[in-house]
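# Chain and residue survey
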4 protein chains.
Amino acid sequence: MLYSGFMTISVAVSGASGYAGGEVLRLLAGHPNVTIGAITAHSNAGSRLGELQPHLHGLASRILEDTTVENLSGHDVVFLALPHGASAEIAAQLPEGTVVIDAGADHRLQDAAAWEKFYGSAHAGTWPYGLPELPGQREALKGATRIAVPGCYPTSALLALTPGFANNLLLTDDVVIVSASGTSGAGKAAKVNLIGAEVMGSMSPYGVGGGHRHTPEIEQGLSNAAGEPVTVSFTPTLVPMSRGILTTATAKVGHGVTEAELRQAWTDAYDDEPFVHLLPEGQWPTTKSVQGSNHAVMQLAFDAHTGRVIVTCAIDNLTKGTAGGAVQSMNIALGLDETAGLNLQGVAP
Amino acid sequence: MLYSGFMTISVAVSGASGYAGGEVLRLLAGHPNVTIGAITAHSNAGSRLGELQPHLHGLASRILEDTTVENLSGHDVVFLALPHGASAEIAAQLPEGTVVIDAGADHRLQDAAAWEKFYGSAHAGTWPYGLPELPGQREALKGATRIAVPGCYPTSALLALTPGFANNLLLTDDVVIVSASGTSGAGKAAKVNLIGAEVMGSMSPYGVGGGHRHTPEIEQGLSNAAGEPVTVSFTPTLVPMSRGILTTATAKVGHGVTEAELRQAWTDAYDDEPFVHLLPEGQWPTTKSVQGSNHAVMQLAFDAHTGRVIVTCAIDNLTKGTAGGAVQSMNIALGLDETAGLNLQGVAP
Amino acid sequence: MLYSGFMTISVAVSGASGYAGGEVLRLLAGHPNVTIGAITAHSNAGSRLGELQPHLHGLASRILEDTTVENLSGHDVVFLALPHGASAEIAAQLPEGTVVIDAGADHRLQDAAAWEKFYGSAHAGTWPYGLPELPGQREALKGATRIAVPGCYPTSALLALTPGFANNLLLTDDVVIVSASGTSGAGKAAKVNLIGAEVMGSMSPYGVGGGHRHTPEIEQGLSNAAGEPVTVSFTPTLVPMSRGILTTATAKVGHGVTEAELRQAWTDAYDDEPFVHLLPEGQWPTTKSVQGSNHAVMQLAFDAHTGRVIVTCAIDNLTKGTAGGAVQSMNIALGLDETAGLNLQGVAP
Amino acid sequence: MLYSGFMTISVAVSGASGYAGGEVLRLLAGHPNVTIGAITAHSNAGSRLGELQPHLHGLASRILEDTTVENLSGHDVVFLALPHGASAEIAAQLPEGTVVIDAGADHRLQDAAAWEKFYGSAHAGTWPYGLPELPGQREALKGATRIAVPGCYPTSALLALTPGFANNLLLTDDVVIVSASGTSGAGKAAKVNLIGAEVMGSMSPYGVGGGHRHTPEIEQGLSNAAGEPVTVSFTPTLVPMSRGILTTATAKVGHGVTEAELRQAWTDAYDDEPFVHLLPEGQWPTTKSVQGSNHAVMQLAFDAHTGRVIVTCAIDNLTKGTAGGAVQSMNIALGLDETAGLNLQGVAP
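Residues numbered from 1 in each chain as written. Chains lettered and ligands numbered in written order. Predicted model: local features only at pLDDT ≥ 70, side-chain atom pairs only at ≥ 80, totals over all residues. Heavy atoms only, no water.

### Notes on the UniProt feature "domain: Semialdehyde dehydrogenase NAD-binding" (unreviewed entry) in chain A
UniProt records the feature "domain: Semialdehyde dehydrogenase NAD-binding" (unreviewed entry) for residues 10–142 of chain A in the present numbering. This span, residues 10–142 of chain A, is 29% helix and 17% strand, and a straight line between its end C-alpha atoms measures 18 Å. (UniProt positions renumbered as here; feature names shortened; annotations may be inferred. Helix = DSSP H or I, 4+ residues; strand = E, 2+ residues; numbered from the N terminus.)

Written out as structure tokens, the structure reads:
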């Protein structure tokens, strides 16, 4: 069923006490076609939302319900912002016609073996992937009733390098990606290594050496674009800021490929996109310029000395990297204006 | 002239390369009744807005015009985000029917002597004060064609203490206000003491001892509420964050005044306000909960030991403290929905 | 027993996995007269120090022992950096000749009733107070074998206002103190409200209305200086930085007191102090200028309009506010050079 | 001439109002063998040091002299912390026996063509390189009277990868280095893009595509270690913190090289080093753990999937990356204890 721009859609949001759920609610609160129905949580059920998400002034008096199939049922759309492994069971019990949008990882990977290796549980199947800027992906999302929201790092990495692989401009065996994320990427978790006194003024890597769970997701997306396997070295780091990802992605370019061809490929890929922008030459992306918005900004440089293209891409990990991508995908799935509820500028300075 | 909710208003914004002007544009870009006309600057005239305000994705390709009466003319509304002293001359040349909203200080003070003492130039006259939550002020703004946007510190201080003075609950000679501001409050200025390496991990006071220009503005507002002169000790400090003000305001309560009476006065003042909130007991304001939004949140405590009420109030200095208050005032002046374009939650975490 | 500058003192440090204990170790590692003996913790006993305090490179391979009287015995000096209520029992079992320095609150308050009201347990008695810059306090620390290290907020507040009260220049019933602390002041605790994503870009008050436990400690110190009871309104706030306290302290000055008299009193109080400095006029204190050092810097302003003196004072909460004050007190108690091990500049930018 | 541990050396520091000069002074103020003589600056000559570097409490009353050969003459050691291109002329006029330590880039590069390409001026010659942990470099520094302090990024990058190249374990044509620096790395310069409101909460790249001046310096160091040319893709980024560099450096390992061989090479290289540490497996470097100290910490991971080693290395850009390396080199040159004045732990949290 496709909705017209004047219809109102009822939406339930689970995991509403966490960062992903909170950001989904922030965006939906400004969405012209949405009525927010059930807002659910697990251990925080029964609390006022205003206590847990004091920035959601318009929803402050709402009471969190328990995350159950019963509470989530009866809505046109259900957002799942749950720990990995929790969404498959709930989704299976929701009607097929309900649009279920999973902000978790459960349904992103096509390769069951990769899923099992990195997540350690049984593969739950693959859903349409909510990154409409990838080739063919916008079409795949139209009318979808199950959508897997991409990971935050993969969103930035795939936006950064897909035009090169989709146009056979890059070598597939020499991709290096280093990403830096604000600490909200580590979740709203009470851990000593995440407390402010530890984090402020400090930067650190983690999951180095191929161990991060987003590695197979990045390789999957780039391999799909290239039409052959792409191998990726991915290193994530944490930076002293609340939000934002800056990804530095580099690959060797094919023999004879020129800088102009590279620039053209990226321009063609994103020129008509409402949310993804190749910046004018000479301007570098900053995470603050996309803070709180669904935009992604990037710049491309060709290093003739090493034969590499380097693409730097900035997104807000919680918006384009999670909740914004989720709402954008919902809009496409339902036939709404793709930018509905997402017409937000970055919040800067 | 009052506008209906379906009309479209043309707006010009001057000072668009600075923080106040940028924030006005951020809000107007999402305002349902506004068409953004001329965007002007001084030394940056001729530049692409996307270079100077890269977070304003929807306006990135707009070119900054020169700040002249000619360029600003022909709009329904003109926002002035200019250095102190620059707005009077321009305003005088704009038609009387044009709504001119001055984000600078020029037309805030009623007392010409106070203006001359703190700003060192001739007094330019007093315009209706754009803080509609003050007693009688919303009425005063309806139909106004000249509006003085309050200073950021005064916004937080007046919201914090006015209910007490308006209800004769506080002593007028013992008010102490200490405010902490993110460094955007110091403007987009290339000064060594403002660079990130100096600011991060550091906190410092300035203008201590009654020297800050916002002191007479705070005293004016509280005196108006009290109906007699109120004397204020005001100390501003800079905090390592980009945005946000946390004001701690304290005054001695009158003889026999109870905590319940205090709480009732603040509740009555703000219960129906769309943007100003006395938080539930036990919850403290945080600047992040209002980041990028037009909301103000506060909490009140009565200290029986010292006979003082302490009100802590958080706003975003650029939104409720500048551009949000300006847009809210415009909405009231024009008869639009007061919250139009301001229906934004805080951006957190 | 007084030690000569060439002797070596064996020191044990308990609570070594927390911030206070870690800072004591950081300073002792550079102390020319100290050999670090037992390093103890509670739940982290058995761990490598390098895991828990990775900045203490010189002690990285040391293994944390359990915090027991047995392990702490046999040292010349024992530092206790334990939760409130835990030090009295241990101290009672250590030999009288052992210098025991308690970084906790247990032995700071003279008034048992205040202790019981604010800490909710039986009063453990009062020890000499480790703030040698207070009148007479340096003498009181010489030869002491039990020392109570002041709280971090009281250190800054007492340094800020004591010269005024000690010289009868200030009114005792109208003191307002607002302090801002880096979040290390809240301890190395896994709490959601302290995680970096919540803290960065945000500022908030807590314990408003006279509820903070440091209030009676500040009143005690100022009352001792004044020779009569001083009443204090104290509001603490948390700021997005790891370390540092900026205190804004204000009181009404006595009738006829001049700015020159005020300035003279503060100058006289601190001119010969190695660690406490009244800055030259025109220069404001910054927390970064004292980061990691035992210095306190302050500035004084007289506001004739309100009849108030406003003193702003910056310290590092973990150094002068805790561990530095502790080491300085140890030096005095043992007859060492008061600055031994503390000859550190601030770490800036 | 080699100095004994009991001798006192007179030292002059130029460029004392900047970050590098300030950090040299901070370290020298605690150096047991140093007397600080002339402290010089250019536009700030005549100012009190306490105004410009308020964290240097022990030197606050010193007056900055003009940076002239005359003022710098007559000292055993002269530190030059001057803009690029300014040191050669001064050095040429100082006696040959004076130890001149240049914190600028002028004398780092061996290849005159690379110098001219990246710095745009005539090559000033090459001095011994002040990174004693490189193979053979400690010997080269003994007795040296002219020393080029390495760049901050090269310090971290060369420490990270040299053991691999020195032992022929890595391929030379596939090195990718992404470094993140605190904004003090951009200098104490009044630029709008560096002000705190812009920097906090934001991250951005710059000099992408091989354009950063440290690229040839990194290639030079790795090529020297490898004995053949090494090509490096280097991308620097700025992170919202004052100090610290985290470098992620990756290269393909040679055919058949095992993880154990890699780990052994790094262990052998640094096991006896006082300031450079390969962390125990499972522990990641953090910039805060080295803040204000001369230490470098790193971790190594082997990614069998991509055949890459990834080394992450944290230093303080101003200490080990500039002033600490300079003082360490001075100590070696003069025959002092290499760690004199550098026995500082990191300042954390």
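Additional details are given in the paragraphs that follow.
### Examining the confidence of the model for chain A
The predicted coordinates ought not to be read in detail in places where the model reports low pLDDT. Averaged over chain A, the pLDDT score is 96; the fraction of residues at 70 or greater is 98%. Across the whole predicted complex the pTM is 0.97, and at the interface the ipTM reaches 0.96. (pLDDT = per-residue confidence, 0-100.)

### Regarding the environment of Glu 51 of chain C
Residue and element names in this part refer to chain C. You can see Glu 51 is positioned in helix 2 (residues 49–52). By relative accessible area, Glu 51 is classed as exposed at 51%. Sequence spacing of Glu 51 and Ser 17 is 34 residues, and the spatial spacing of their C-alpha atoms is 9.6 Å. (Buried < 20%, exposed > 50% of the residue type's maximum accessible area, 1.4 Å probe, protein only.)

### A few points about the relation of the copies chain C and chain B
Of the transformation placing chain C onto chain B, the axial shift is 0.0 Å and the rotation is 180 degrees, giving an RMSD of 0.0 Å. Both copies of the chain, as the preceding transformation shows, are related through a two-fold rotation axis. In terms of C-alpha distance to the rotation axis, chain C has Pro 240 of chain C as its closest residue, with the C-alpha 3.1 Å off the axis. Looking at chain C, 100% of its interface residues are interface residues in chain B too, so the copies touch through the same face. (Least-squares fit on C-alpha atoms with pLDDT ≥ 70 in both. Contact = heavy atoms within 4.5 Å.)

### With respect to the interface of chain C and chain B
Contact with chain C, which involves 47 residues of that partner, is made by 47 residues of chain B. Carbon and sulfur atoms make up 64% of the surface buried where chain C meets chain B, a total of about 3,500 Å² over both sides. Counting every contact that joins chain C to chain B gives 2 salt bridges. Counting the contacts that link chain C with chain B gives 14 residue pairs in polar contact (both at pLDDT 80 or more). Among the secondary structure elements, those contributing two or more residues to the side of chain C that touches chain B are strand 7 (175–182), helix 8 (196–199), strand 8 (204–205), strand 9 (232–239), strand 10 (245–252), strand 12 (296–303) and strand 13 (308–315) of chain C. It is strand 9 of chain C that provides the largest number of residues to the side of chain C that touches chain B, a total of 5 residues. (Buried area = accessible area lost by both parts, 1.4 Å probe. Salt bridge = Lys/Arg side-chain N within 4 Å of Asp/Glu carboxyl O. Polar contact = N/O pair within 3.5 Å; in protein donor to acceptor, adjacent residues only side chain to side chain.)

### A short note on the sheet that holds strand 12 (residues 296–303) of chain A
All names here are of chain A. Pairing is mixed across the open sheet formed by 7 strands, whose spatial order is 8-9-7-10-13-12-11. Each edge of the sheet is formed by a strand with only one pairing partner; in this case those strands are strand 8 (204–205) and strand 11 (276–278). As defined by bridge partners, strand 8 adjoins strand 9 (residues 232–239) across 2 bridges and the pair is classed as antiparallel. Bridge pairing links Ser 204 to Leu 238 in strand 9. (Pairing = 2+ DSSP bridges.)

### Focus: unusual backbone geometry
Residues and elements named next belong to chain B. Note that the residue after Ala 348, namely Pro 349, is joined by a cis bond; omega there is 5 degrees. Here Pro 349 shows up in the segment after helix 11 (319–334). Positive phi, normally seen in glycine, also occurs at Asn 168, with a value near 55 degrees. Among the structural elements, Asn 168 can be located in the loop between helix 7 (152–166) and strand 7 (175–182). Look at Asn 168 and you get exposed, because its relative accessible area is 59%.

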